[in-house]
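Listed below are the residues making up each chain.
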Amino acid sequence: MEGTTCSPVSQFPPRMTSAPSAFAPLLVLMAAIAMVGNKRRTSGAGNPLAGKDHLLQLEKNFLANTLEQFVVFLVSTLVLITYLQGEEMRLVPLSAIAFFVGRVLFRVGYGIAYYYRGWGIMINFISQGFIIGLTGYLMFTRGFMFGIAAAIGSPHSPTAAHAEL
């Protein structure tokens, strides 16, 4: 059809094909919450005011760190998604898998000794650094407003201009 543009609403379902793999980071966060609850139940530290929270220190540290990392992952991935097109969306499941593997290795290593968590830290640092760096590069090369204009359906977005050609 000549003169028609593809609205962001019609692009949204293909973008959501990455959603199942993006569920993996949420599983890690939910597992961290469950670990704190389970340790609280089995260690006699059921009452948080009883002064036995030291028994939960590893689990609480893992939960806090995982929540921090999840927020960084979520925000950076959501911004990146506004700049990706077509086949580039393959990066989303890969970054979700890297987040999952990094957090699992972090927890396993942390359970052995604090210095073994380095593999998980490294995987998350490199993958998040790549996502943030790629987003910055795409903002620079495609224009800062590219992703934002396409997301709100602006007729002045670069994707609308290409559709008219």
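Scroll up to find the structure.
### Remarks on helix α3 (residues 57–81)
Then, number 1: With 25 residues, α3 extends 36 Å from end C-alpha to end C-alpha; this agrees with the ideal 36 Å at 1.5 Å per step.
Then, number 2: Listed as buried for α3 are Glu 59, Phe 62, Thr 66, Phe 70, Phe 73, Ser 76, Thr 77 and Leu 80.

### Observations concerning the pattern of salt bridges
Then, number 1: Applying the stated criterion across every chain, the model contains five salt bridges.
Then, number 2: Notably, a salt bridge pairs Asp 53 with Arg 40, separated by 3.2 Å at the nearest N-O pair. You can see Asp 53 sitting in the loop between α2 (19–43) and α3 and its partner Arg 40 sitting in helix α2, a full 13 residues away along the chain.
Then, number 3: Judged by relative accessible area, which is 17%, Arg 40 ranks as buried.
Then, number 4: Between Arg 107 and Glu 59 there is a salt bridge, and its shortest N-O distance comes to 3.7 Å. Pair noted here: Arg 107 is in helix α4 (residues 91–112) and Glu 59 is in helix α3, with a separation of 48 residues, a long-range link.
Then, number 5: Residue Arg 107 is classed as buried on the basis of its relative accessible area, which comes to 18%.
Then, number 6: Bridged by salt links that share partners, the residues Arg 40, Asp 53 and Lys 60 form one connected network.

Cut-offs and rules
- Residues numbered from 1 in each chain as written.
- Predicted model: local features only at pLDDT ≥ 70, side-chain atom pairs only at ≥ 80, totals over all residues.
- Heavy atoms only, no water.
- Helix = DSSP H or I, 4+ residues; strand = E, 2+ residues; numbered from the N terminus.
- Expected span 1.5 Å × (residues − 1).
- Buried < 20%, exposed > 50% of the residue type's maximum accessible area, 1.4 Å probe, protein only.
- Salt bridge = Lys/Arg side-chain N within 4 Å of Asp/Glu carboxyl O.

Coordinates in, geometry out; function isn't part of it.
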